[in-house]
Protein chains: 2
Amino acid sequence: MKNEAITSRDVDFAKWYTDVVTAARLCCYSNVKGCVVFEPAGYAIWEKMQSILDKMFKDTGHQNVYMPMLIPESLMKKEAELIDGFAPEVAWVTRGGDKELDERLCVRPTSETLFSDYFSNVVKSYRDLPLKYNQWCSVMRWEKTTRPFLRSREFLWQEGHTVHATQKEAEEEARKMLNVYKSFFEDYLAIPVITGRKTEKEKFAGAEYSLTVEALMYNGVALQSGTSHYFGQKFSKAYDISFVNSENKQEYAYQTSWGCTTRMIGALIMVHSDDFGLVLPPKIAPKQVVIVPIGNVSSKVNQVYEALKNANISVYIDDTNKSPGYKFKEAEVNGIPIRIEIGERDLKNNVYTIARRDTQDKMQVDAEVDIVSYVNSLMEEIQTNLYNRAKERRDKMTYEVDNVADMKKIIDNNPGFIIADWCGNADCEVSLKDINGLKSRCILENEAPVHNCVVCGKEAKHRVVWGIQY
Amino acid sequence: MKNEAITSRDVDFAKWYTDVVTAARLCCYSNVKGCVVFEPAGYAIWEKMQSILDKMFKDTGHQNVYMPMLIPESLMKKEAELIDGFAPEVAWVTRGGDKELDERLCVRPTSETLFSDYFSNVVKSYRDLPLKYNQWCSVMRWEKTTRPFLRSREFLWQEGHTVHATQKEAEEEARKMLNVYKSFFEDYLAIPVITGRKTEKEKFAGAEYSLTVEALMYNGVALQSGTSHYFGQKFSKAYDISFVNSENKQEYAYQTSWGCTTRMIGALIMVHSDDFGLVLPPKIAPKQVVIVPIGNVSSKVNQVYEALKNANISVYIDDTNKSPGYKFKEAEVNGIPIRIEIGERDLKNNVYTIARRDTQDKMQVDAEVDIVSYVNSLMEEIQTNLYNRAKERRDKMTYEVDNVADMKKIIDNNPGFIIADWCGNADCEVSLKDINGLKSRCILENEAPVHNCVVCGKEAKHRVVWGIQY
């Protein structure tokens, strides 16, 4: 029985997405154009993501800091590529109180400039290095078209910024953080990802190179889900971050930055959810279990609730005065991984019912079951099933081609990831945009090309994953 | 042996404060005028504050959300008192990308307007109430003079916003959150506070009344440290937050808001720290214990470290190649509550040394001591001692007077909290500003006046705490 409030995802994917977001009350539009309100259910997912990632960052030796949200234009301009990349999409503060400012300030779109300015003040010697910092904050990019979680003028993110004494160490850091993102996606969000290097055209403004985590949505559209940049000495030269190295020589430092955003909530929805509403992997679900009492069953309900709660499982009792059917539907819409229905009649037969959100299967269990181990192993099963389901779909939607006609056919009919070899020439890359905006997602660094360039037919340098993107 | 990098607090308190902040590397000025960089040691204190307060808020039924950081001028203007209060000190965004905006947007100085706008969309019936939300974010106020943590253009804070069906419930909420702040200050920050109601002149723009938590710094200057506002129906009428009540009648909702900020870090410093640097109560210290190895003692050091770590005590080993004396000094400057010195020579006599930061006492302990219970009970002792020391000083610097001449004498010589009765007339209140900016801190709601008004000599209505403020 489909939820009438939710458009079928196979009928109108964009409408389905908005319906799922709205039905679960994750976020809503505000009277501030292009900005959303993160409602409690949506913000709770972000808090859970933050707590897991923050621990991963700290375990890899990073510390949190906080930089100002406004950046003077002159400071922003010191690194030419960065300002060129961001100038068209920043918001400018030009007045403070009742005075026109001498210099306008932009609301941070990203904070390389501020971190670099700070680093130039505190880094003197190789003994001060490395500095490995991270910041949780919101950033602002003046986008024209917006979509909840995927693209909005303001969004929440983390941005890591590190300085190192050697190129080798900085490059290792960029790779390490790419792998942190990969683990987070696969182990917690249950989303399989492809990792690789961005082409020159698609890399971050100001980076030597950018590494990326790419995921595929249910409708075959790609989502860039986290990036890690190696800057070399570009910013350290622009902002004068120099230090005395171990051989007592002055040298410019090596930097990285890496970030992921609230668009990961959009990825969760577009990979796992269905026509009944939100589906969340248990490891990221703010609420993992709901207990629905039917009739006079409070003693059993409390017993199950206390047992789960004491085992650190996030559980709540839906004791509102709605009908059981309504409560089941609500739990589905909200993506609660496990629903326990405890009914008066069933309890007489010494059983109750457990429903899992991913498959919507219902199981009758013995009322004396060890509920903690039952729920824990069911959560693991759901987590694994969601990952496998997403991976199977992603693999089925990943195509290898050696000619543009086939690329076009795939994108027109059944889009997905397309693997095709490329000569490295930007003209060839750009020409593919004619196919519904097809772009390179990333270069597969550990794979050698087996064909010639899919566009020009000349010798290929790289295996590349292509796709249409959000 | 005083730290030469730190000015004595009895010689130049303002300089001492900056020296302590700088020496502990809590924050520093940036190239963004009036904004600071929160460095790792300073931000870690804020994270600890956040984690404790966030739990207190959730335990009292609040949920976190996130509203946009920009507010359209028209939305801001709906509540007249609020815009009058904040207009002189907001930053305005007037350009997005390369276009002039049709309507300018202010960077939030506080978010009553956005929350009210949101509430007006989602509140329909008394069944939707109460809504009890909180937001962690940064806000911007275009201050002219700034001081690290105490006053800066951008600062970090939390702002709670709630909507209720009845006046009684909303007023109870405002009081409850005032008490949460009071507990947080006294039980965690070890800072005794006075709570009370702000006068009409000093209340928050747009509030029916404001409740406040007031602390006294070492130099006798008062610091407003947290506020909780009852709005009645002021915002609900301006933003149309109406609902059908349980008697099926349309009614305007009742609201509160409450907040505390990173200035609490300033309070911690100015209440507890000394001429040797930062002093932190163990319950708020990000790092509670440092172990300093002297000589070849790694097996004992690791044993102590593991024991403390496994007991969830935040401990680190200072194994840099600096001299022990330098390390001791550094631990003092950084406010580490407990220092454990494990030396080769001492171990031969089966002892080692423990130093507490608050009193700087050193104790020799048996090397076989149960270190976890020793440290836990020492931390409790330090926490209690810091609170008692602060309370004793505060009490000694709290004066009761019945004439303006005495007020002036106190403020000129040895400032502190002054309790004096007041008729309730704003002219009397304002006239006291001539005494070095003396202002009312709060009305003591449970105490009746015993004298006439300290200024005009007419019948007094309130006992009031007065003080000079940051």
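Model, not experiment: these values are computed from the prediction.

Caption draft 1: Highlighting the overall build of chain A. The helix and strand tally for chain A stands at 14 helices and 23 strands. Against the 2.2 N^0.38 benchmark of 23 Å for 470 residues, chain A shows a C-alpha radius of gyration of 25 Å, consistent with a compact globule. Principal-axis analysis of the C-alpha atoms gives chain A an extent of 80 × 55 × 50 Å. Partitioning the contacts of chain A with sequence separation of at least 6, the portion at a separation of at least 24 is 68%.

Caption draft 2: Quick peek at helix 12 (residues 371-396) of chain A. Here helix 12 of chain A contains 26 residues, and its C-alpha end-to-end distance of 37 Å stays within 8% of the 38 Å for a straight helix at 1.5 Å per residue. Among the residues making up helix 12 of chain A, those that are buried are Ile371, Val375, Leu378, Met379, Ile382, Gln383, Leu386, Ala390, Arg393 and Arg394 of chain A.

Caption draft 3: Examining the relation of the copies chain A and chain B more closely. Relative to chain B, chain A is turned by 180° and slid 0.0 Å along the rotation axis, the superposed coordinates differing by an RMSD of 0.0 Å. Both copies of the chain, as the preceding transformation shows, are related through a two-fold rotation axis. The C-alpha atom lying nearest the rotation axis in chain A is that of valine 93 of chain A; the distance is 2.1 Å. Most of the interface of chain A is mirrored in chain B: 98% of its interface residues are interface residues there too.

Caption draft 4: Looking closely at the side chain of aspartate 318 of chain A. Residue and element names in this part refer to chain A. Among the structural elements, aspartate 318 can be located in the loop between strand 16 (315-317) and helix 10 (324-333). Buried and unpaired, aspartate 318 has lysine 327 as its nearest opposite-charge partner, separated by 4.2 Å. A distance of 2.6 Å separates polar atoms of two side chains, one belonging to aspartate 318 and the other to threonine 320. Each residue touching aspartate 318, except ones within four places of it in the same chain, is listed here: Val290, Ile291, Pro293, Lys327 and Glu330.

Caption draft 5: Region of interest: the packing of aromatic side chains. Summed over all chains, the structure comprises 40 aromatic pairs over all chains. Taking the centre distance of 5.2 Å and the plane angle of 40° together, the rings of tyrosine 209 of chain A and tyrosine 230 of chain A count as tilted. In this pair, tyrosine 209 of chain A sits in strand 10 (residues 209-216) while tyrosine 230 of chain A sits in strand 11 (residues 222-232), placing the two residues 21 residues apart along the sequence. Assigned by exposure class, tyrosine 209 of chain A and tyrosine 230 of chain A land together as buried. Consider the rings of tryptophan 422 of chain B and tryptophan 466 of chain B, whose centres lie 6.4 Å apart with planes at 90°: the pair is edge-to-face. A residue pair is termed long-range when its members are at least 10 positions apart, and tryptophan 422 of chain B in strand 21 (residues 417-422) and tryptophan 466 of chain B in strand 23 (residues 462-467) qualify at 44 residues. Judged by its relative accessible area of 4%, tryptophan 422 of chain B is buried.

Caption draft 6: Region of the structure containing the environment of glycine 220 of chain B. All names here are of chain B. Counting through the fold element by element, glycine 220 comes out in the loop between strand 10 (209-216) and strand 11 (222-232). In this structure glycine 220 comes out as buried when scored by relative accessible area, which is 0%. Those residues in contact with glycine 220 that lie beyond four places of it in its chain are Met397, Pro415 and Gly416.

Caption draft 7: Inspection of the sheet that holds strand 16 of chain A at higher detail. Residues and elements named next belong to chain A. Overall, mixed pairing links the five strands, which are arranged 16-15-17-18-19 in an open sheet. This sheet does not close on itself; its edge strands, each paired only once, are strand 16 and strand 19 (362-366). Averaged over neighbouring strand pairs, the angle between their axes works out to 25° when direction is ignored. Across three bridges, strand 15 (residues 289-294) lies against strand 16 in parallel orientation. Considered in strand 16, the bridge of valine 290 is made with tyrosine 316.

Caption draft 8: Representation of the sheet that holds strand 6 (residues 99-107) of chain B. Pairing is antiparallel across the open sheet formed by six strands, whose spatial order is 4(A)-6(A)-5(A)-5(B)-6(B)-4(B). A single partner strand is all that each edge strand has here, and the edge strands are strand 4 (70-72) of chain A together with strand 4 (70-72) of chain B. The sheet shows a mean angle of 45° between the axes of neighbouring strands, taken without regard to direction. For strand 4 of chain A and strand 6 (residues 99-107) of chain A, the ladder comprises three bridges, and the chain directions are antiparallel. Along strand 6 of chain A, the bridge assignment pairs leucine 70 of chain A with valine 107 of chain A.

Caption draft 9: The arrangement of the interface of chain A and chain B in detail. Contacts between the two partners involve 51 residues from chain A, matched on the other side by 51 residues from chain B. Between chain A and chain B lies a buried interface of about 4,100 Å² when both sides are counted; carbon and sulfur atoms form 61% of it. The largest contributions to the chain A side of the interface with chain B come from Pro40, Tyr66 and Met69 of chain A, which together make up 15% of the buried area. Counting every contact that joins chain A to chain B gives two salt bridges. Between chain A and chain B we count 23 residue pairs in polar contact (both at pLDDT 80 or more) in total. With six residues, strand 5 (residues 91-96) of chain A is the largest single contributor of residues to the side of chain A that touches chain B. Considering only residue class, the side of chain A that touches chain B consists of 31 nonpolar, eight polar and 12 charged.

Caption draft 10: Broad picture of the pattern of salt bridges. All names here are of chain B. Counted according to the given criterion, the structure contains 63 salt bridges over all chains. One salt bridge connects arginine 441 with glutamate 214, and the closest N-O pair in it is separated by 2.9 Å. In this pair, arginine 441 is assigned in strand 22 (residues 439-443) and glutamate 214 in strand 10, connecting sequence segments 227 residues apart. Of the residues examined, arginine 441 reaches a relative accessible area of 1% and is grouped as buried.

Caption draft 11: Quick peek at the environment of isoleucine 468 of chain B. All names here are of chain B. Turning to its location among the elements, isoleucine 468 is positioned in the segment after strand 23. Isoleucine 468 sits 433 residues away from cysteine 35 along the chain, and the two C-alpha atoms are 24 Å apart. Not counting the four nearest positions on each side in its chain, isoleucine 468 is found in contact with Val221, Ala222, Ile411, Pro415, Ile435, Asn436, Gly437 and Leu438.

So, how was this worked out
Residues numbered from 1 in each chain as written. Chains lettered and ligands numbered in written order. Predicted model: local features only at pLDDT ≥ 70, side-chain atom pairs only at ≥ 80, totals over all residues. Heavy atoms only, no water. Helix = DSSP H or I, 4+ residues; strand = E, 2+ residues; numbered from the N terminus. Rg over C-alpha atoms; globule rule 2.2 N^0.38 Å. Contact = heavy atoms within 4.5 Å. Expected span 1.5 Å × (residues − 1). Buried < 20%, exposed > 50% of the residue type's maximum accessible area, 1.4 Å probe, protein only. Least-squares fit on C-alpha atoms with pLDDT ≥ 70 in both. Lys, Arg positive; Asp, Glu negative; His and termini not counted. Salt bridge = Lys/Arg side-chain N within 4 Å of Asp/Glu carboxyl O. Polar contact = N/O pair within 3.5 Å; in protein donor to acceptor, adjacent residues only side chain to side chain. Phe/Tyr/Trp six-rings, centres within 6.5 Å; stacked < 30°, edge-to-face > 60°. Pairing = 2+ DSSP bridges. Axes fitted to C-alpha atoms, helices over the stretch in contact; angles between N-to-C directions. Buried area = accessible area lost by both parts, 1.4 Å probe. Nonpolar A, V, L, I, M, F, W, Y, C, P; charged D, E, K, R; others polar.

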